[in-house]
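# Survey of secondary and tertiary structure
So you can see what is in the structure, the chains are spelled out below.
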Amino acid sequence: MARAAPLLAVLATVLTTAAAGGDAPPGKIAVIGAGIGGSAVAHFLQQHFGPRVQIVVYEKGTVGGRLATISVNKQNYESGAASFHSLSLHMQDFVKLLGLRQRREVVGRSAIFGGEHFVLEETDWYLLNLFRLWWYYGISFLRLQMWVEEVMEKFMSSEALCKLRNFPRLKCDGRRIYKYQAHGYAFSGVEELLYSLGEATFVNMTQRSVAESLLQVGVTQRFIDDVVSAVLRASYGQSASMPAFAGAMSLAGAQGNLWSVEGGNKLVCSGLLKLAKATVIHATVTSVTLHSTEGKALYQVAYESDKGNSSDFYDIVVIATPLHLDNSSNNNITFEGFTPPIEDIQGSFQPTVVSLVHGYLNSSYFGFPDPKLFPFANILTTDFPSFFCTLDNICPVNISASFRRKQPQEAAVWRVQSPKPLFRTELKTLFRSYYSVQTAEWQAHPLYGSRRTLPRFALHDQLFYLNALEWAASSVEVTAVAAKNVALLAYNRWYQDLDKIDQKDLIHKVKTEL
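Cut-offs used in this document
- Residues numbered from 1 in each chain as written.
- Predicted model: local features only at pLDDT ≥ 70, side-chain atom pairs only at ≥ 80, totals over all residues.
- Heavy atoms only, no water.
- pLDDT = per-residue confidence, 0-100.
- Contact = heavy atoms within 4.5 Å.
- Helix = DSSP H or I, 4+ residues; strand = E, 2+ residues; numbered from the N terminus.
- Buried < 20%, exposed > 50% of the residue type's maximum accessible area, 1.4 Å probe, protein only.
- Phe/Tyr/Trp six-rings, centres within 6.5 Å; stacked < 30°, edge-to-face > 60°.
- Axes fitted to C-alpha atoms, helices over the stretch in contact; angles between N-to-C directions.
- Left-handed = near helix turned anticlockwise from the far one by under 90°.
- Nonpolar A, V, L, I, M, F, W, Y, C, P; charged D, E, K, R; others polar.
- Expected span 1.5 Å × (residues − 1).
- Arc of directions from axis to C-beta.
- 1 Å grid on protein atoms, 1.4 Å probe; cavity = no way out; pocket = protein on both sides within 12 Å on 5 of 7 lines; lining within 4 Å.
- Points joined across faces, edges and corners; volume = space filled by probe spheres on them.

### As for the confidence of the model for the protein
- The predicted model of the protein has a mean per-residue pLDDT of 87, with 88% of residues at 70 or higher.
- In this model, residues 1–21 is a region of pLDDT below 50 whose contacts with residues beyond four sequence positions or in other chains number 19 contacts.
- The low-confidence segment residues 158–174 (pLDDT under 50) makes 34 contacts with residues lying over four places distant or belonging to another chain.

Below you can see the structure in the form of C-alpha cells.
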C-alpha cells in the first residue's frame, strides 16, 4: 500500500483551496503519462490556468512514449511515430512554439507488395501514376479521395485542407474542430465530440467498416484489397474491416505531404513539458482515490518508484495513457472511493513491433535479382505476406545538406513493421545479410472492433481520460486534439462555464457566430 502524504501537508492544501474562493485556479494538477498526449495537455493546462498552477507528470518509462528513437551506428532513427501529415496543425504549432525545425523529406518511391509480386508501383512521373491507378482500378481512387475529403472537411480545418492539391474543391473558411477549440468549446465524451463535427454520420462511422462504407460510394473490392488494405496495415496493422472513421483518418494521412522533426519527434514532448514547467516523476501510478473537501473533489494519486511507494493530492487528474483490460497492459490503475464506481475501459490493443535492421536487402524476394535495379524505398503489403506490414529505407533524425539515401545494393537501415517479433528465418527472407537488429514493441493502437461503445473524457468531476479519443481514431494529431479538448474541459468545469461544454448546435454557430 502507498503511504499517505503527511497530514499537515494535506490540511494545508485543503485550507488554501477553501480560502482562495471559487475563482481561484487549481493548486496542483497531475498528468499520468508523458507521451504526446501528456506533454500536450500539460502545455494546454498551463496555458489556460496560468503559470501559478503546479503540474506534475508521472511517467513510468521515457518521456515521449510512442515518439521514440533507436541508435544505430551512432545515428538516431525514429522507432515510433515516424512522420506527421501536413494537416497536423497542433503539431505544426508546437514545432514553431518550441523553435524546432521540420526535417526535410528525402524522396523515395513506394510500392505495394502482394506476396508474390508488386500489385502497384510508383514511378517518378505523377501523370503516369494517375494513369496506372485509372488503368488498374477505374475511378475508384477518385471516389476514395472524395470520401476522405468529405470526412476531413468536417473534422479538421478547411483552411488547411484547401492548401493541399489533393483537396481542390474545398472552400477556405477554416472551421470545425480547430475553430471550436479556438473559441473554448469542449466535449465530455467522444460521441459528443464526433456528433458536433459530423452529427450522426461520424458516430455511425465508428460502427461500420471501411470496406462497407467504400463499397457504398462505388469503390471496387479490388481497390480495397490492393490499396486501401495496404495503407491501413501500414498505419494501424489492421484490415479494411476496421471502423470507417478511423480508416478515413488513416487514408487522409496517406495523401499530401509528410514531415517530421529535425533531431527526433520526441523533442516535441520534452519541449512542451519544459515550457509548462512541469515536474516529471518517473514512477508507476497504482491508484487514484477520491476525497471530498468543502464540496470540491480532491484526488489522491498513489505511485511506485525506485525510492519506494508514495502518494500526493491533486485538484485535477488527467490520465494520458491507455487504460484497457488486456494481458499485455501494465496500466493497472485502480480507482477507489468513486460512487458509482469507475468502470474499466474494455477492449484490446493492437501490438506492433518495429525492427530496425542494418543490412543488405534481399531484393530477389521482391522479384529483383540484381539489387542495383531495385527502385523502392517504401514497401507496403496487402494481407499477404502476413509476417510484415511495411518495409522502409529510413533516414536518421538529423540530415545534413549532403545526405543521400543509401542505394539498394548498399547496407542501409531498414524499418520493418510487423504484428509479431520477426523470426530469424523471416529476417533472412527480407535481408541477404545484416549487421544488427534492434526492436521496439508497442501497444500502438486500439484493436478496433474489440469495443462497441465510445468512452468518455470525463470520468469524474475533475478526473479525465485523454486517450478516450483514440477509440474513434488514433494518430499523434488526434491525440493532440484530445489534449486540447481535455484542457478546455477541465478549465470550463473548474470555472463552471457550462455553456462551453457539450453544445449540440455548434455546426450552426460556426456559420453564424464564429
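Back to the write-up after that little detour.
### Section: the side chain of Thr-352
- Relative to the helices and strands, Thr-352 resides in strand E16 (residues 349–361).
- Given a relative accessible area of 8%, Thr-352 falls into the buried group.
- Every residue in contact with Thr-352, bar those within four places of it in the chain, is listed here: Gln-417, Ser-418, Ala-440, Glu-441, Trp-442 and Ala-444.

### Remarks on the packing of aromatic side chains
- Counted by the stated rule, this structure contains 32 aromatic pairs.
- With centroids separated by 5.7 Å and ring planes inclined at 90°, the aromatic side chains of Phe-374 and Phe-376 adopt a geometry described as edge-to-face. Taken individually, Phe-374 and Phe-376 each receive the classification buried, so the pair is uniform in this respect.
- Taking 5.1 Å as the distance between ring centres and 55° as the angle between the ring planes, the aromatic pair formed by Phe-387 and Phe-388 counts as tilted. A single burial state applies to Phe-387 and to Phe-388, both of which are buried.

### Section: the packing of helix H2 (residues 36–49) against helix H14 (residues 476–494)
- Viewed as axis vectors pointing N to C, H2 and H14 meet at an angle of 35°, and their least axial separation amounts to 8 Å. H2 and H14 meet at a crossing whose hand is right-handed. Seen from H2, the contacting residues are Ile-36, Gly-37, Ala-40, Val-41, Phe-44, Leu-45, Gln-47, His-48 and Phe-49; seen from H14, they are Val-476, Thr-479, Ala-480, Ala-483, Lys-484, Val-486, Ala-487, Leu-488, Ala-490, Tyr-491 and Trp-494.
- A per-class count over the contact of H2 with H14 returns 15 nonpolar, four polar and one charged.

### Section: helix H4 (residues 126–137)
- In this model H4 runs 16 Å from its N-terminal to its C-terminal C-alpha over 12 residues, within 8% of the 16 Å that 1.5 Å per residue would give.
- For H4, the complete set of buried residues consists of Asn-129, Leu-133 and Tyr-137. Projected down its long axis, H4 carries its buried residues within an arc of 40°, all on one side. Residues of H4 that are exposed and point over 90 degrees away from its buried face: Leu-127 and Trp-135.
- Those residues of H4 that are buried lie in contact with strand E8 (118–121), helix H5 (140–155) and helix H10 (221–236).
- Gly-138, located one to two residues past H4, shows a positive phi value of around 65°.

### A closer look at the layout of surface pockets
- Volume-wise, the second largest pocket comes out at about 390 Å³.
- Ile-342, Glu-343, Arg-456, Ala-458 and Leu-459 are, among the 17 residues lining the second largest pocket, the residues nearest its centre.
- Tallied by class, the residues present in the lining of the second largest pocket amount to nine nonpolar, three polar and five charged.

### Quick look at unusual backbone geometry
- Here the residue pair Thr-339 and Pro-340 is connected by a cis peptide bond, since its omega of -5° sits within 30 degrees of zero.
- Within the secondary structure, Pro-340 is located in the loop between strand E15 (334–336) and E16.
- The backbone of Asn-73 sits at a positive phi, close to 55°, despite the residue not being glycine.
- One can find Asn-73 in the loop between strand E3 (69–72) and strand E4 (75–78).
- Taking relative accessible area as the criterion, Asn-73 reaches 57% and is therefore assigned exposed.
- In the Ramachandran plot, Asp-502 falls in the positive-phi region, its phi being about 55° despite a non-glycine side chain.

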